[in-house]
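For reference, the chains in residue letters:
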Amino acid sequence: MAHPIKHFNTITKHRNKVIVHCFKAGIGFQGLRHDLSKYSPAEFIPGAKYYQGTRSPNEMEREQSGYSAAWLHHKGRNRHHFEYWTDYNPTVKKVMPVKMPAKYVAEMFCDRVAASKIYAGDNYNDSYPLEYFMRGKQRRTIHPETSDFIEKLLTMLSEKGEEETFAYIRVFIKNGKEY
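Residues numbered from 1 in each chain as written. Predicted model: local features only at pLDDT ≥ 70, side-chain atom pairs only at ≥ 80, totals over all residues. Heavy atoms only, no water.

Asker: I keep staring at the pairing of strand β2 (residues 94-97) and nothing clicks. Help me out?
Answerer: Consecutive residues of a regular strand have side chains that alternate between opposite faces of the sheet. Here strand β1 (residues 86-89) pairs with β2 via four bridges, running antiparallel. Directly across from T86, in β2, lies its bridge partner P97. Counting the residues between successive antiparallel strands, the hairpin from β1 to β2 contains four residues, one of them, K93, with a positive phi of roughly 60°. (Pairing = 2+ DSSP bridges. Helix = DSSP H or I, 4+ residues; strand = E, 2+ residues; numbered from the N terminus.)

Take a look at the structure:
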């Protein structure tokens, strides 16, 4: 049974949280463009069809189809996903992860925190996004420096809270630092 209204409400609630977080991180314009592809038919229709409310509909689509067409569409259009950042490496002759620009890692951080708040609900605390990240760390194909940087930000959130972490990200991005 499809749940278009519930799915719309969930993705909009999530997107709105990401927008707020992106403004706190100093990347407000990115926040305003965040996840607009989720409203396209290629992503919205499967999202409504596989909606459960407690996890990404892409997971259910994978379980039923063996892959998620919605996710393949989404990750190819949204630079805040580390899966977007792969390219052919001519040295080893295979597709490999590449280092993400810091502004997209900052957006990925905002996205992960917002998603954790949506899916954990009242069980959310500032350690939740780090715990989620660590559970999948061994299976993740991500550039090692990008992985280390997002882990550093999630650890900072866990230990020092949102205010200090967003302040750190703002200064980091404003100064054009490399991680």
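Having seen it, we continue.
Asker: Sorry if this is basic, but what is going on with the pattern of salt bridges here?
Answerer: Proximity of charged atoms lets side chains of opposite charge pair with each other. Overall, the coordinates contain nine salt bridges when judged by the stated rule. The shortest N-O distance in the salt bridge between K38 and D35 comes to 3.2 Å. A salt bridge links E178 to K99; the shortest N-O distance between them is 3.6 Å. With E178 in the segment after α8 (144-174) and K99 in the loop between β2 and α6 (102-120), the pair connects residues that are 79 residues apart, well separated along the chain. Assessed through its relative accessible area of 27%, K99 is described here as partly exposed. (Salt bridge = Lys/Arg side-chain N within 4 Å of Asp/Glu carboxyl O. Buried < 20%, exposed > 50% of the residue type's maximum accessible area, 1.4 Å probe, protein only.)

Asker: I would appreciate a short explanation of α6 in the present structure.
Answerer: The periodicity of an α-helix, 3.6 residues per turn, causes residues three or four places apart in sequence to face the same way. With 19 residues, α6 should reach 27 Å at 1.5 Å per residue; the first-to-last C-alpha distance of 27 Å fits that figure. Burial runs high along α6: 15 of the 19 residues are buried. Following α6 by one or two positions, G121 has its phi on the positive side, about 60°. (Expected span 1.5 Å × (residues − 1).)

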